[in-house]
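# Structural overview for review
Single-letter residue listing:
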Amino acid sequence: MIKGWPVDFLIRLWRHENSRAVLLQVIVIAAVFGAFGWLISNLVTNFAALNKNFGFDFLLQPAGYDINQRLIEYTNRSTHIRAAFVGLLNTALVAVVGIILATILGVILGIIRLSNNWLARNVTYWYIEFSRNVPILLHILLWHGIIINTMPHPKKAISVGDFLFLTNRGLYVPKPIAEVGISVLYLAIVAAFAFMFFFARYAKKLQAETGRQLPVFMVNLAVLIGLPLLVFLASGSPMSLEFPALKGFNFRGGMHLMPEFVALTFALAIYTAAFIAEIVRAGILAIHKGQREAAEALGLRPGRVMSLVILP
């Protein structure tokens, strides 16, 4: 039997509950770092055997693959870093459009969920329960199948105002083309948003101090549309639109949104809207009924009560 102070010391450490727990954690962490180090060493050795460098130089090499849906110019000869940027822009586009659609639909469904109309309330309830309990991947596959199999071919496309066309090959919309002087239009849009922000704050402060209500929505909407429009006309129309047109068996020109993109965006919006609806419903129910009764006692209509008291 091996004896000595190191052995006795280790035995006492192992028998002590707290020190044993610390010792086991140290052993596990050492094993994890050892395995990680072995994997890195193995990777570097294999890279050296294949005469390849270990780094990020590949980002500047040609990608060699196509990306059908893109917001900027890209070919299979573009670099990997440009391909990553194209994917990032596509993700941002899906996220922005999906968030807007899901928020609008979710708020509407959350309000209808509390409606006194039995049919509307229960239809919304079944929609929410069905959507939340079906995996998002099935939603995406379902809507992709609907678009591919039920939408018409380009020659019989569903047209909206002769500038938006929905087919089984995707959605075709006008493409904005920037021209000389577009920076002035961008500044006008930024100025419009800045005015909307400060005017909303001023209207809220005025209402708190005097009780006077300003038409914030109508004023902000007029500024958001009117100011860029005036600048657009005054600067000589620095942006034009390229409209899609049917040529042969398919549309040419404009912006083409692939069926996969449309299905992905719509499925994410439909799925997420169900969760937003329940959040909105819970938020409305969390407000004390005295708030609604007080607003109704002032003579406000149900729509005004919802927009001015409940939703804020």
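None of the values given here were measured: they were computed from a predicted structure.

### Considerations on the packing of helix α6 (residues 182-210) against helix α7 (residues 216-234)
Direction vectors running N to C along α6 and α7 enclose 165°, while the axes themselves pass 9 Å from each other. If you check the angle between α6 and α7, you find them roughly antiparallel. Of the two elements, α6 crosses α7, and the hand of that crossing is right-handed. The residues of α7 that touch α6, namely those facing V184, L185, A188, I189, A191, A192, F193, F195, M196, F199, A200 and A203, are V216, V219, N220, V223, L224, L227, P228, V231 and F232. Taken together, the residues of the contact of α6 with α7 sort by class into 20 nonpolar, 1 polar and no charged.

### Details of the nonpolar core
Residues V94, I147, L171, V173, L257, F261, V262 and A263 constitute the largest nonpolar core, which totals 8 residues. If you list the elements that add at least two residues to this core, you get β3 (170-173) and α8 (259-286). Counting residues per element, this core draws most heavily on α8, which supplies 3 residues. Setting aside residues up to four positions removed in sequence, A263 forms contacts with I140, W143, H144 and I147. If you look at the next biggest cluster of nonpolar residues, it comprises 6 residues, including V280, I284, V305 and I310.

### With respect to the confidence of the model for the protein chain
Confidence in the prediction for the protein chain averages 84 pLDDT; 98% of positions are at 70 or higher. Highest mean pLDDT in the protein chain belongs to helix α3 (residues 80-112) (91); lowest belongs to helix α1 (residues 5-15) (70).

The rules we used
- Residues numbered from 1 in each chain as written.
- Predicted model: local features only at pLDDT ≥ 70, side-chain atom pairs only at ≥ 80, totals over all residues.
- Heavy atoms only, no water.
- Axes fitted to C-alpha atoms, helices over the stretch in contact; angles between N-to-C directions.
- Helix = DSSP H or I, 4+ residues; strand = E, 2+ residues; numbered from the N terminus.
- Parallel < 35°, antiparallel > 145°, perpendicular 65-115°, else oblique.
- Left-handed = near helix turned anticlockwise from the far one by under 90°.
- Contact = heavy atoms within 4.5 Å.
- Nonpolar A, V, L, I, M, F, W, Y, C, P; charged D, E, K, R; others polar.
- Core = buried A, V, L, I, M, F, W, Y, C linked by side-chain atoms within 4.5 Å.
- Buried < 20%, exposed > 50% of the residue type's maximum accessible area, 1.4 Å probe, protein only.
- pLDDT = per-residue confidence, 0-100.

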